[in-house]
Amino acid sequence: MGDIRNIVVLTGAGISAESGIDTFRDAGGLWEQHRVEDVATPEGFARDPDLVLRFYDMRRAALTKVEPNAAHRALARLDATFAQGDRGDLLIVTQNVDDLHERAGAKRVLHMHGELLSALCANCAARERFAGTMLDRPNCSACGVAALRPDVVWFGEMPYQMERIYSALANADLFVSIGTSGAVYPAAGFVQEAAAHGARTLELNLDPSEGSRWFDEHRHGPAGALVPAWVDEVLAG
Ligand code: BJW
């Protein structure tokens, strides 16, 4: 892989679009169908928990009808090469709450905005794997209280594992952003963070994102075509 040893890949909703999962900000996306302040803030959840639980129950159920696409599979192929020998470090930081990276076979995946298939207890802070419906108000397996909420990061909440992410960004030789609009912080600032530590930066997105100008290189098109081609280049390099 030439002089590229450490890679951080950031993925967003665009990588799952070709699997049939709606993005947030594209035409017809989730934020055209639902008011973001109603379904993706702690205040919205406090105001109308049923509305929020129904929104996430619907998205969790939809996961059973979709499959990873060529972009997820290509990243899993890249991930597999980092499992062998002294290749360097790879971290796939995803903003997505779906499980398509894992289902494609990737192991080095960090869900900074949480996961649909996880529940967080608002009473005791325990986490558990969860595939059912929260509108039924199931009890927490740890404390027995019916206080489960989706284990996702809403606006105003702290994204997960930030120390680990910033440490990987500081050591990265290459930062690649795939299928994200660059509209939401702190993820939108990762490109500048990685560049400040000397990484080369590459954007793979359908259109120029809000943060395009911060990248050294851009390739525009569908992730299902761009990502396999890029992975082939890295593995050949
Ligand atoms: C394709 C494609 C194809 C389509 N192929 N590409 C003012 C200034 C700066 C910051 C703030 C501010 N006011 C408030 C803030 C902070 C706030 C924020 O960023 N607000 C902005 C609106 C400005 N952020 C927060 O509150 C975060 N917490 C925080 O900051 O804590 C403090 C802190 C400080 C310092 C360090 C660390 C922490 C929390 C943000 C939580 C975001 N949560 C959500 C919901 C998660 C659960 C769920 O899924 O429901 O996360 S919102 C939503 O947006 C979701 C996504 O992960 C996130 C990003 O969206 P994404 O993935 O980019 O999707 P889209 O739809 O926007 O873009 C898709 C892209 O794909 C497009 O570009 C398409 O072109 C492309 N595409 N098809 C390739 N086939």
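Some words on the sheet that holds strand S8 (residues 200–205)
Pairing between the strands of a sheet comes from backbone hydrogen bonds, and it takes one of two forms, parallel or antiparallel.
In step 1: Ordered in space as S3-S2-S1-S7-S8-S9, the 6 strands form an open sheet in which the pairing is parallel. Taken across any chain shown, the strands that pair with only one partner, and hence form the sheet edges, are strand S3 (109–111) and strand S9 (217–220). Looking at each pair of strands side by side, their axes are set apart by 15° on average, direction ignored.
In step 2: Relative to S8, strand S7 (residues 174–178) runs parallel, the two being bridged by 5 bridges. Bridging from a neighbouring strand, Ile 178 pairs with Leu 204 of S8.
In step 3: Lying on the sheet, helix H6 (residues 70–82) is in contact with strand S1 (7–11), strand S2 (90–94) and S7; it crosses S2 at an angle near 145°.

Some details on the domain arrangement of the chain
In step 1: Per the domain assignment, the segments making up the chain are domain 1 (1–21 + 68–113 + 159–237) and domain 2 (26–65 + 116–152).
In step 2: The C-alpha-based centres of domain 1 and domain 2 are spaced at 26 Å.
In step 3: Each partner contributes to the interface: domain 1 provides 7 residues, whereas domain 2 provides 8 residues.
In step 4: Each partner contributes to the roughly 610 Å² buried at the junction of domain 1 and domain 2, and carbon and sulfur atoms together form 50% of this total.

Description of the site of the ligand
In step 1: The full set close to the ligand counts 36 residues, and Arg 25, Tyr 56, Arg 59, Thr 180 and Ser 181 are the nearest of them.
In step 2: A distance of 2.9 Å separates a nitrogen atom of the ligand from a polar atom in the backbone of Val 153.
In step 3: Between Glu 157 and the ligand, the recorded distance is 2.7 Å, taken from a backbone N or O atom to a nitrogen atom.
In step 4: Coverage of the ligand by the protein chains reaches 76% of its 1,500 Å² of free accessible surface.
In step 5: Judged by the proximity of its atoms to the pocket grid, the ligand belongs to the largest pocket.
In step 6: Only helix H1 (14–17) and helix H5 (49–62) provide two or more residues apiece to the shell around the ligand.
In step 7: Class assignment of the residues belonging to the shell around the ligand gives a composition of 19 nonpolar, 11 polar and 6 charged.

Considerations on the pattern of salt bridges
In step 1: Applying the stated rule across the entire model yields 14 salt bridges.
In step 2: A salt bridge links Asp 232 to Arg 77, with the shortest nitrogen-to-oxygen separation between them at 3.1 Å. With a gap of 155 residues between them, Asp 232 in helix H10 (residues 223–236) and Arg 77 in helix H6 connect regions that are remote in the sequence.
In step 3: Residue classification places Asp 232 among the partly exposed residues on the basis of a relative accessible area of 41%.
In step 4: Here Glu 217 makes a salt bridge to Arg 200, at a shortest N to O gap of 3.2 Å.

Conventions adopted
Residues numbered from 1 in each chain as written. Predicted model: local features only at pLDDT ≥ 70, side-chain atom pairs only at ≥ 80, totals over all residues. Heavy atoms only, no water. Pairing = 2+ DSSP bridges. Helix = DSSP H or I, 4+ residues; strand = E, 2+ residues; numbered from the N terminus. Axes fitted to C-alpha atoms, helices over the stretch in contact; angles between N-to-C directions. Contact = heavy atoms within 4.5 Å. Domains from an automatic or database assignment. Buried area = accessible area lost by both parts, 1.4 Å probe. Near = heavy atom within 4 Å. Polar contact = N/O pair within 3.5 Å; in protein donor to acceptor, adjacent residues only side chain to side chain. Areas by Shrake-Rupley, 256 points an atom, 1.4 Å probe, with all protein chains shown as cover. 1 Å grid on protein atoms, 1.4 Å probe; cavity = no way out; pocket = protein on both sides within 12 Å on 5 of 7 lines; lining within 4 Å. Sits in = over half its atoms within 2 Å of the grid points. Nonpolar A, V, L, I, M, F, W, Y, C, P; charged D, E, K, R; others polar. Salt bridge = Lys/Arg side-chain N within 4 Å of Asp/Glu carboxyl O. Buried < 20%, exposed > 50% of the residue type's maximum accessible area, 1.4 Å probe, protein only.

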